[in-house]
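# Analysis of the macromolecular model
Spelled out from the first residue to the last, the chains are:
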Amino acid sequence: MDDRSARLYHIFVESFLPLLKAGVEFTIPLTLVSFFFGLLLAFLTALVRLSPVTPLKLIARFYVWIFRGTPLIVQLFIIFFGLPSIGLTLSPFLAASIGFSLSVGAYGSEIIRAAIISIPQGQWEAAYSIGMTKNQALRRIIIPQALKVSVPPLSNSFISLIKDTSLAASITVTEMFQKAQQITARYYEPMLLYCEVAVIYLIFSTVLSSLQNRLERHFDLHSSNKGSRL
Amino acid sequence: MIEIKQLEKAFGDHQVLKGIDLNIEKSKVMVIIGPSGSGKTTLLRCMNLLEMPTKGALRVGDFQMTFGEGNVPKQKDILSLRRKSGMVFQSYNLFPHKTVLQNIMEGPVIVQRKKQEEAEARALQLLDKVGLKEKAQAYPEQLSGGQQQRVGIARAMAVNPEVLLFDEPTSALDPELVGEVLGVMKELALEGMTMVVVTHEMKFASEVADQIVLLDQGKILEQGSPDDIFNHPKEERTKSFLSRLIDPI
Ligand SMILES: Nc1ncnc2c1ncn2[C@@H]1O[C@H](COP(=O)(O)OP(=O)(O)OP(=O)(O)O)[C@@H](O)[C@H]1O
Ligand SMILES: [Mg+2]
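Scoring rules and cut-offs
- Residues numbered from 1 in each chain as written.
- Chains lettered and ligands numbered in written order.
- Predicted model: local features only at pLDDT ≥ 70, side-chain atom pairs only at ≥ 80, totals over all residues.
- Heavy atoms only, no water.
- UniProt positions renumbered as here; feature names shortened; annotations may be inferred.
- Salt bridge = Lys/Arg side-chain N within 4 Å of Asp/Glu carboxyl O.
- Helix = DSSP H or I, 4+ residues; strand = E, 2+ residues; numbered from the N terminus.
- Buried < 20%, exposed > 50% of the residue type's maximum accessible area, 1.4 Å probe, protein only.
- Near = heavy atom within 4 Å.
- Polar contact = N/O pair within 3.5 Å; in protein donor to acceptor, adjacent residues only side chain to side chain.
- Areas by Shrake-Rupley, 256 points an atom, 1.4 Å probe, with all protein chains shown as cover.
- Nonpolar A, V, L, I, M, F, W, Y, C, P; charged D, E, K, R; others polar.
- Pairing = 2+ DSSP bridges.
- Axes fitted to C-alpha atoms, helices over the stretch in contact; angles between N-to-C directions.
- Contact = heavy atoms within 4.5 Å.
- Parallel < 35°, antiparallel > 145°, perpendicular 65-115°, else oblique.
- Left-handed = near helix turned anticlockwise from the far one by under 90°.
- Buried area = accessible area lost by both parts, 1.4 Å probe.

Per an unreviewed UniProt entry, chain B carries the name L-cystine import ATP-binding protein TcyC and comes from Pullulanibacillus pueri. As its UniProt record puts it under Subcellular location (unreviewed entry), chain B is described as follows: "Cell membrane".

The name given to chain A in an unreviewed UniProt entry is Cysteine ABC transporter permease, and the organism recorded there is Pullulanibacillus pueri. What the UniProt record of chain A gives under Subcellular location (unreviewed entry) is the line "Cell membrane". Regarding chain A, the relevant UniProt record gives this comment under Sequence similarities (unreviewed entry): "Belongs to the binding-protein-dependent transport system permease family."

Dropping the structure here:
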């Protein structure tokens, strides 16, 4: 092994644990927290948009419109750098979590709404015909089927989110990508370090998508409705 | 059991039902026939308010409602009236994420708040009646069309409705599966279940119906016993409708 290769190998090995540590300490928690709250928000927003309460519906539509129509990084900058000027200073991690949750909420609500709409009308009618109220029909019949339909697209959002958390570097969260930038600044080996961090992102998303497959199979065992119209 | 007075239904400005008067007596079977688009499905769906009539009055059991301008039906009344009937759909509409047993227990447990064990015992009893006791744990997709429809009937029966409504229950089935469903329906009729059946199965109609109603262009063209309708029809249009059924070209 020549000197250059030895040096690269050394830096690679040296950096791996710090990068992984940043990933486990920040990237993964940021992803999980944001996805959890994002899903709650998505669910609420979808239900509000399908409800008959007009003012709430308008608010929900406005929210989705804003967060789908503007770049995530701009949203993060407004939350972290902008809000302090109106007296609201948030820690980088909290600002990032809020930004990502709002973004997941906006996209996720569209996924869930589409899934609910895709359940055949006959399912509503069957629920009503045995005397259910609208809420009972939603809770017992429609939502369980809609959730199954929305698992694949929501899993996609989840994978996207893992990668999008790298944007938190721009608002000073020392997540994995920020860490890679810091190490690069020390060794001047951008090719090596950015490829290395890419590999770790790849590992994270691969592991998490295998969990997704398992989740899909779990749902498959319990029914076969693919949301198709009868 | 069901009393319908001057019932009208319009979709936008398309008048589909144009003043229907009908009486369905307890323990009787009424079969509704008529050409495609005549409003049979709409009429049946009005009876449990899956469609909201635009005018007229409807009584099911002891619950009466009137419809018309400025008369917005209350959600509570809709539920009360709807809970007096059960419905069997052309495309079965079983809940695909629930087992056969869960499909049947859903109404009793969730709507009527019956105890789990009580509901399960009753569900198994109904499954036995439709000949599917061994399929209790199966999912709908694992059943044939005929089996699914029999589960559909058991699900509708499970909430102890005063009347069962059937909308072409056998027309999505392969011919060899029609018999098993009609057999179950015939049995229910013999046990005194009040039934309203939209169907093209004329043999079933003539054997089981107490009364046949011929609907045409949103109006009742003729009604009477199977003998009246099939052997002594009064209206020319009844004759031509029946002859088209026998010799469909
Ligand atoms: N939801 C709806 N919106 C608008 N028009 C409708 C709706 N449902 C039914 N119609 C119309 O009402 C008329 C009667 O329909 P309906 O389904 O009651 O007929 P049908 O007698 O059951 O026919 P078929 O034998 O083909 O089932 C048709 O012209 C149909 O297009
Ligand atoms: Mg019809």
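## Digging into the pattern of salt bridges
For side chains bearing opposite charge, pairing can occur when the charged atoms are close. Counted under the stated rule, the structure contains 21 salt bridges over all chains. Salt-bridge contacts for Glu125(A) lead to Arg45(B); the nearest nitrogen and oxygen are separated by 2.9 Å. With one member in each of two chains, Glu125(A) in helix H5 (residues 121-129) and Arg45(B) in helix H1 (residues 40-47) form a pair that bridges those chains. For Glu125(A), a relative accessible area of 13% puts it in the buried group.

## Topic: the site of ligand 1
Residue and element names in this part refer to chain B. Within the structure, ligand 1 sits among Phe11, His14, Val16, Pro35, Ser36, Gly37, Ser38, Gly39, Lys40, Thr41, Thr42 and Glu168. At 3.3 Å from an oxygen atom of ligand 1 is found a side-chain nitrogen or oxygen belonging to His14. The separation between an oxygen atom of ligand 1 and a polar side-chain atom of Ser36 is 2.6 Å. Here ligand 1, which alone exposes 630 Å², has 60% of that area covered by the protein. Counting only elements with at least two residues in the shell around ligand 1, the list comes to strand S2 (14-24) and H1. The dominant element in the shell around ligand 1, judged by the number of residues it contributes, is H1, at 3 residues. When the residues that make up the shell around ligand 1 are grouped by side-chain class, the tally is 3 nonpolar, 7 polar and 2 charged.

## Quick word on the sheet that holds strand S3 (residues 29-33) of chain B
Residues and elements named next belong to chain B. Ordered in space as S6-S7-S8-S3-S9-S10, the 6 strands form an open sheet in which the pairing is mixed. Each end of this open sheet is capped by a strand with a single partner; those strands are strand S6 (85-88) and strand S10 (219-224). Neighbour-to-neighbour, the strand axes of this sheet turn through a mean angle of 20°, independent of strand direction. Along the sheet, helix H5 (residues 145-158) makes contact with S6 and strand S7 (163-167), crossing S6 at roughly 170°.

## Some thoughts on the UniProt feature "domain: ABC transporter" (unreviewed entry) in chain B
The sites that UniProt annotates as "domain: ABC transporter" (unreviewed entry) are residues 2-242 of chain B. Note that residues 2-242 of chain B is 38% helix and 26% strand, and that its end C-alpha atoms are spaced 27 Å apart.

## Comments concerning the packing of helix H1 (residues 3-50) of chain A against helix H7 (residues 176-187) of chain A
All names here are of chain A. Running from N to C, H1 and H7 cross one another at 150°; their axes reach a closest spacing of 8 Å. Looking at the two axes, H1 sits roughly antiparallel to H7. Read as a crossing pair, H1 and H7 show a hand that is right-handed. Residues Arg7, Ile11, Glu14, Ser15, Pro18, Leu19, Ala22, Gly23 and Thr27 of H1 form the contact with H7, whose own contacting residues are Met176, Lys179, Ala180, Ile183 and Tyr187. In the contact of H1 with H7, the residues fall into 8 nonpolar, 3 polar and 3 charged.

## Here we look at helix H2 (residues 75-82) of chain B
Of the residues making up H2(B), those classed as buried are Asp77(B), Ile78(B), Leu79(B), Leu81(B) and Arg82(B). For H2(B), the secondary structure elements touched by its buried residues are H5 of chain A together with H1, strand S4 (55-60), strand S5 (63-67) and S6 of chain B.

## Remarks on the interface of chain B and chain A
One widely used convention gives an interface's size as the accessible area the parts lose upon coming together. The interface is formed by 26 residues belonging to chain B together with 22 residues belonging to chain A. Around 2100 Å² of area is buried between chain B and chain A when both sides are counted, 59% of it from carbon and sulfur atoms. On the chain B side of the interface with chain A, the three residues burying the most area are Phe95(B), Pro96(B) and His97(B), jointly 25% of the side's total. For the interface between chain B and chain A, the tally reads 2 salt bridges. Of the charged contacts in the structure, one is a salt bridge between Glu106(B) and Arg140(A), with a shortest N-O distance of 2.6 Å. In this assembly, chain B and chain A are joined by 7 residue pairs in polar contact (both at pLDDT 80 or more). Secondary-structure elements contributing two or more residues to the side of chain B that touches chain A are H2, S6 and helix H3 (100-111) of chain B. Here the element with the most residues in the side of chain B that touches chain A is H3(B); it accounts for 4 residues. Its residues assigned to classes, the side of chain B that touches chain A comprises 11 nonpolar, 7 polar and 8 charged.

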